[in-house]
Amino acid sequence: MAQQRVVQLSTQRPTSTICVLGTELSVDVCGAAPRDAASFHAQGTAGVKIYVVHDTQTVKLPSSVSRWPLAAGTEVLVAMEALSKDVGDEKVRVSYFGEDGGVPVGRAMLYLTCVDVSLDADTTRSGAVNKTLTDKRTWTWGPEGHGAILLVNCDRDEPATRDSRDAAGRSYEDLKDMSQLVLRTRGPRTIFAGHRLVLHVSFGDADKVGVFYGGNSLSPEEYKHVLGGEKLSYAVKPSRHQEESIFYVEGLCFPDAGFAGLLSLHVTLLDSPEKGLLETPVFTDTVVFRVAPWIMTPSTLAPAELYVCSVTDNQDFVAAVSALAERAGCSVTVCPLLENRNDRWIQDEIEFGYVQAPHKTFPVVFDSPRDRGLKDFPAKRILGPDFGYVAREAREGASSLDSFGNLEVSPPVTVRGKEFPLGRILVGSSFPRFGGRRMAKAVKDFLVAQRVQAPVELFSDWLVVGHVDEFLSFVPAPDRQGFRLLLASPSACYRLLKEKQDEGYGEAAMFEGLKEVPKPTINEILADEALRKYNAFAQSCISWNRDVLKRELGLSERDIVDIPQLFKGNGDAGATAFFPDMVNMLVLGRHLGIPKPFGPVIRGQCCLEEKVRSLLEPLGLTCTFINDYFSYHKNLGEVHCGTNVRRQPFSFKWWHMVP
């Protein structure tokens with residue numbers, strides 16, 4: 001339905017008004033009728049389309065009915081399909097007749113000027129701004145959806161500060177991150193001299209958006225901040241020589257609790273009445289943007305850059321993971337001791353993701369609330385040109401569950417017919433036990449508000465550290481759903497050790513080659529009833545999560561691989577890995593960096609390594625076992641905890657999905 005505006009007529013003097021292309025004027029014929037008028041006739045010039053609404057029926061004129069009774073509810077609708085060349089070059093005449101129907105008892109003249117005022121953005125998601133017939137005031141999901149997209153300008157193209165905090169668009173690179181908003185004004189230019197055009201934003205949206213405008217300048221340095229923050233409106237002065245005014249729009253915050261991600265920008269044409277009277281709105285056009293979500297990348301996506309910290313005792317570890325990255329064709333960034341302040345747990349400090357609009361994609365690092373030695377590294381060293389940054393604080397105080405080893409995401413899945421083409425985020429919690437540790441509300445609210453990777457809560461508080469990466473990981477696979485879920489399995493480990501005992505290798509010991517480390521034999525491990533009982537508990541916790549993962553990710557048993565693993569612990573202190581936790585691995589394409597378990601050596605091979613190779617190498621994966629025993633395992637972490645990977649984004653466009 002076209003936007004309508006009511007126009008009052010007068011039989012005493014002509015009325016002049018603007019008709020905006022694509023809108024209708026509702027002419028109040030009854031309000032201007034002389035007292036003795038009983039019917040009317042409306043006639044327009046060639047460029048005017050007239051409709052009469054009478055008794056709920058609409059009739060196009062001219063028609064066989066030349067006169068219409070002046071009944072309550074009768075209205076005349078006027079539209080124009082071509083721009084005016086001059087002011088008032090089209091008109092409508094309304095003649096009023098008495099009961100006898102003879103000579104008109106009065107006439108009202110309406111002079112019309114057709115102009116085009118249009119506020120447009122990339123609502124078709126093609127990467128360019130085009131004027132379309134889609135409803136710019138709505139935003140819809142899906143491959144057939146429409147609506148403009150806005151990036152949070154959270155990178156740093158200039159060294160001073162993050163771009164979204166800038167008061168001006170100071171570089172061409174910065175403007176390229178923003179979405180274009182085009183104001184088109186066509187028609188007789190003298191009309192715009194007598195009217196005002198105002199770009200405006202609501203008070204509720206103003207702190208979430210910034211708009212920049214450079215007038216006729218082609219220099220990015222000339223672009224000024226004209227809307228957003230405390231600036232709720234901006235009067236636009238259309239050029240006499242240009243029909244388009246181009247604005248650049250940036251998002252200032254991601255979707256979150258209390259902000260669904262939708263923002264509206266408006267342009268209003270205001271009529272300038274006689275001196276001393278307020279301006280009146282003639283026409284408003286609106287464009288709705290959705291702020292692009294932060295999207296997390298699963299371990300099955302191609303690696304782009306590996307991050308690892310160099311600390312006092314991990315030189316061999318850094319060399320090993322760097323060599324693995326080289327084989328995987330992945331660059332390496334080593335965070336030096338001066339910057340990590342002896343904090344080796346880079347997986348816990350940050351999570352990599354990205355933002356995407358049709359015109360631009362760039363990575364964004366999510367900084368966790370843990371704030372230990374690596375606290376300053378993301379903002380000081382990762383944030384930069386086309387590399388964004390976002391953070392959330394744990395106002396209630398951060399726990400171990402706020403570290404991002406407790407934040408993972410699955411590959412794409414389909415669950416009971418519902419597609420999750422960007423996977424589902426996995427976070428650990430105290431569920432189903434009450435009163436335990438939970439991830440900070442601010443972090444969970446942020447993850448839920450992105451909408452495109454609906455989070456799933458798992459039970460991780462049974463572990464001392466409490467991270468989901470201690471019992472699960474995902475690796476790529478050539479069949480099924482394109483991946484396998486790896487789960488730590490005490491049951492599988494006990495089966496393997498029993499097999500080796502039955503084969504006569506009960507005296508084979510663990511941790512051979514490690515100095516000052518107890519070396520229990522297979523017989524001793526199997527005879528340790530306290531250890532067996534504790535691992536039955538650990539298995540029950542993992543089995544709980546197994547059921548949740550199967551249900552929430554749409555998996556079957558054939559999608560899951562059980563990786564032998566034992567845990568140790570007692571009482572409520574929580575569980576830790578008995579030997580290096582092999583599911584806590586680094587995944588770089590088909591290259592896996594797995595914690596070396598130092599299992600019993602049988603026929604010259606570690607039986608745990610041999611078992612894992614037999615499970616994963618048929619999937620086309622290469623297993624490299626990395627010694628992290630003293631540098632990470634003894635500090636309650638493993639290879640995955642000590643590394644982080646920026647990955648290539650999904651090829652799937654997030655706006656094509658339906659949350």
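Here the structure is a predicted model, which is why all the values come from computation and not from measurement.

Q: Honestly, the pairing of strand β24 (residues 360–367) in this entry has me stumped. Any pointers?
A: Two faces belong to every sheet, and in a regular strand the side chains alternate between them. For β24, the buried fraction is high: seven of the eight residues fall into the buried class. Pairing geometry for strand β23 (residues 350–357) and β24, over eight bridges, is antiparallel. Looking across to β24, one finds that E351 is bridged to F366. With antiparallel pairing between neighbouring strands as the criterion, β23 and β24 make up a hairpin whose turn holds two residues. Of the pairings in the sheet, the one linking β24 to strand β25 (residues 388–391) comprises four bridges and is parallel in character. Bridge pairing in β25 links V364 to G388.

Q: I keep staring at the packing of helix α8 (residues 490–502) against helix α10 (residues 529–553) and nothing clicks. Help me out?
A: Axes are the key here: two packed helices are described by the angle between their axes and the distance separating the axes. Orientation of α8 relative to α10, taken along the N-to-C sense of each, is 135 degrees, at an axis distance of 8 Å. Between α8 and α10, the interaxial angle falls into the category oblique. Residue-level contacts link P490, S491 and Y494 of α8 to L531, R532, N535, A538, Q539 and I542 of α10. The class makeup of the residues in the contact of α8 with α10 is five nonpolar, three polar and one charged.

Q: How should the nonpolar core be read in this particular structure?
A: In globular proteins that are soluble, nonpolar side chains generally tend to be buried together. Ranked by internal contacts, the top residues of the largest apolar core, which has 71 residues, are L181, L447 and W654. At six residues, the largest contribution of residues to this core is made by strand β19 (residues 280–291). Excluding residues that lie within four positions of it along the chain, W654 makes contacts with W139, W141, I149, R290, A292, P293, I295, Q356, L422 and V452. Residues C541, L549, M582 and V583 belong to the second largest nonpolar core, which totals 67 residues.

Q: Mind showing me how you'd approach the sheet that holds strand β40 (residues 622–626) here?
A: Strand pairing in a sheet is mediated by backbone hydrogen bonds. Such pairs are either parallel or antiparallel. Reading across the sheet, the three strands line up as β36-β37-β40 and stay open at both edges, with mixed pairing between neighbours. Each edge of the open sheet is held by one strand with a lone partner, namely β36 (586–588) and β40. Here the average twist between neighbouring strands, direction ignored, is 20 degrees. As paired elements, β36 and strand β37 (residues 591–595) share three bridges and run antiparallel to each other. Bridge assignment links V587 to a residue of β37, and that residue is L592. Most of the contacts of helix α3 (residues 315–327) go to β40, to which it runs at about 165 degrees, and overall it touches β36, β37 and β40. Packing against the sheet, helix α11 (residues 607–616) makes contact with β37 and β40, and its axis sits at approximately 155 degrees to β40.

Rules used in this analysis
Residues numbered from 1 in each chain as written. Predicted model: local features only at pLDDT ≥ 70, side-chain atom pairs only at ≥ 80, totals over all residues. Heavy atoms only, no water. Buried < 20%, exposed > 50% of the residue type's maximum accessible area, 1.4 Å probe, protein only. Helix = DSSP H or I, 4+ residues; strand = E, 2+ residues; numbered from the N terminus. Pairing = 2+ DSSP bridges. Axes fitted to C-alpha atoms, helices over the stretch in contact; angles between N-to-C directions. Parallel < 35°, antiparallel > 145°, perpendicular 65-115°, else oblique. Contact = heavy atoms within 4.5 Å. Nonpolar A, V, L, I, M, F, W, Y, C, P; charged D, E, K, R; others polar. Core = buried A, V, L, I, M, F, W, Y, C linked by side-chain atoms within 4.5 Å.

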